[in-house]
Amino acid sequence: MQPGDYLVTGESTGLKSKTEKFTLLAGQETAINLKLEVQGTQEVIEVQAQADILQTENANLASGFNPSQINNLPVMGGDITTLAFTVPRILVGAGGGSGNFVVNGIPGATTLYTLNGADAMDPYLNINNSGASNNTLGANEIAEAAVILNAYSADFGRMSGAQVNYIGKTGSNTFHGNLFHNFNDKIFNANDFFNNQAALQQPRSDSHNFGGSLGGPVKKNRLFFFFNYESMQYALPYSGVVHIPSPQFETYTLAHIPAASVPLYQDAFNLWNGAPGAKNAIPTTNGNGPLQDGNLDLGCGIYTFYNANIQAPSGGIFGGHNVPGNVPCTYAFAANTSQKNTESLITVRGDYNITDKQKIGARYNYDWGLQATGPSLINSAFNAQSNQPSDQGQLTYTYAISPTLVNNFIGSGSWYTAAFGYPSESKAIALMPETFNSTDGCCSEIGATGSFPQGRNVGQVQVADDLTWVHGRHSFKAGVNYRFNKITDLTNGEGAYNGIYNFVDLTDFTTGHINATGKGDSF
């Protein structure tokens, strides 16, 4: 039976029961005891509400959510997994592995999510299947939900954490629909502490979660449709401090590296100097401020360069430990930016009552979006992003063979890709063919990261069939649940397009040599 409100009564020749009203929620079993009484010449109809506090049909610790609760509870970012946040024994932000909550101290990767009886999981990460926003959109499609914490029925029970069941909306004999738009903007939020400390204004930070649904009849009592659209669009803000070479340090370095290295170094210096905030850069001073050097070496590192009494081209000495009047190796500036993240979801569903005993339903959804993986404060060509389209399909068939024998079949399939990289890999490589990473003062990392390109293609096929037989006070249930996953891991392409110079000692950076000082440089 589908979750919802029901009226049930029983009668026989000369006998009739009272009408019982009860609410059936997802993941729960409800027993209704009907008492047949002799009908008199005067008939009185009495409706009683079923409100048992203790569920005696099984030992599940289940929390159910009816349509009214789902409509009224806040669903942050349109993410349907947030419904579980209100359930006792679920902790949010408590750490303990992947997933967005822990259950009884167990990581979120031990939670099984199902939608209309089929898995709604990411087989690669073993968590809820999400899109470009890292949220599981679809809240506007959910009619009922239940969170079961232990003592799962045999048809669940593959995970040791929680079982989260969702039941989707369907069409009915009347048309129904809705429209919604949730909006947030930086004008509703205070600037954060670190932006204020660096005298930065708030970057763009706004979000739009909007959509609508429509359902109704195609043929009364027989064929129904349901359509849902949702979109989540927001600007991902980012703030930070960027360190670039001082003019004196740049001149010194170009004069001391091998001639063959000059073009690569020049590419790096052009990017640092061309950063949007470079015009606001100031010489690095010693101190504990956000633009200062806490090591008191004027941004000249802590190994062999800062105290080598190296003459700067325009006069003075580089670095030195807290020596007044010496020349800094870096300039610094604080900057902020934002990157747009988009994700949209379309769901189409049809349900057909073949007979009073046989029902079939089909559901398809397509999710697409561009993830703002991480903006760059130096050049937008290095903005990390991920294109993440996904498809899901489902076919359900229910056959009430007899009042005591019911068969339920579910066939489903899903596929998604998550490819991480840059807007144009070729452009990023052309700007900086290799990557410079200096951990000894000097400059912020420049160039394409060595972890790109990476990602995965993930597919799943699932078939589940259950047969339920009720005999007297006993219920017998048997079935099969088969899943096939196919995963293509793209991480073997990491580092295939560029190399990374890791300079542990600033002296090696200024001479263009790897590990000449023995401090552990690598390429």
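An account of the accompanying structure is given in this report. (Residues numbered from 1 in each chain as written. Predicted model: local features only at pLDDT ≥ 70, side-chain atom pairs only at ≥ 80, totals over all residues. Heavy atoms only, no water.)

1. So, the environment of Met159
Alright, step 1. Residue position: Met159 is located in the loop between strand E14 (142-148) and strand E15 (163-168).
Alright, step 2. In this structure Met159 comes out as buried when scored by relative accessible area, which is 17%.
Alright, step 3. Distance in space between the C-alpha atoms of Met159 and Ala109 is 8.7 Å, their sequence separation being 50 residues. (Helix = DSSP H or I, 4+ residues; strand = E, 2+ residues; numbered from the N terminus. Buried < 20%, exposed > 50% of the residue type's maximum accessible area, 1.4 Å probe, protein only.)

2. Examining helix H4 (residues 262-273)
Alright, step 1. A rise of 1.5 Å per residue sets the reference length of H4, with its twelve residues, at 16 Å; its end C-alpha atoms lie 16 Å apart and thus fit the reference within 8%.
Alright, step 2. Looking only at H4, the buried set comprises Leu264, Tyr265, Ala268, Phe269, Leu271 and Trp272. Burial along H4 is one-sided: seen end-on, the buried residues are contained in an arc of 160 degrees. (Expected span 1.5 Å × (residues − 1). Arc of directions from axis to C-beta.)

3. Some points on the state of the cysteines
Alright, step 1. Under the counting rule described, the total for this entry stands at two disulfides.
Alright, step 2. A sulfur-sulfur separation of 2.0 Å characterises the disulfide bridge that pairs Cys300 with Cys329. Here the disulfide of Cys300 and Cys329 is right-handed, its torsion about the S-S bond being about 100 degrees. Residue Cys300 is located in the loop between strand E21 (292-293) and strand E22 (330-353), and its partner Cys329 is located in the loop between E21 and E22; the two are separated by 29 residues in the primary sequence.
Alright, step 3. For Cys329, a relative accessible area of 0% corresponds to the buried category.
Alright, step 4. Disulfide pairing places Cys442 opposite Cys443 at an S-S distance of 2.1 Å. Measuring the twist about the S-S bond at about -45 degrees, one finds the Cys442-Cys443 disulfide to be left-handed. This pair shows no difference in class: Cys442 is buried, exactly as Cys443 is.
Alright, step 5. Counting only the cysteines that form disulfides, in the order they appear in the chain, gives the pairing 1-2, 3-4. (Disulfide = S-S within 2.5 Å.)

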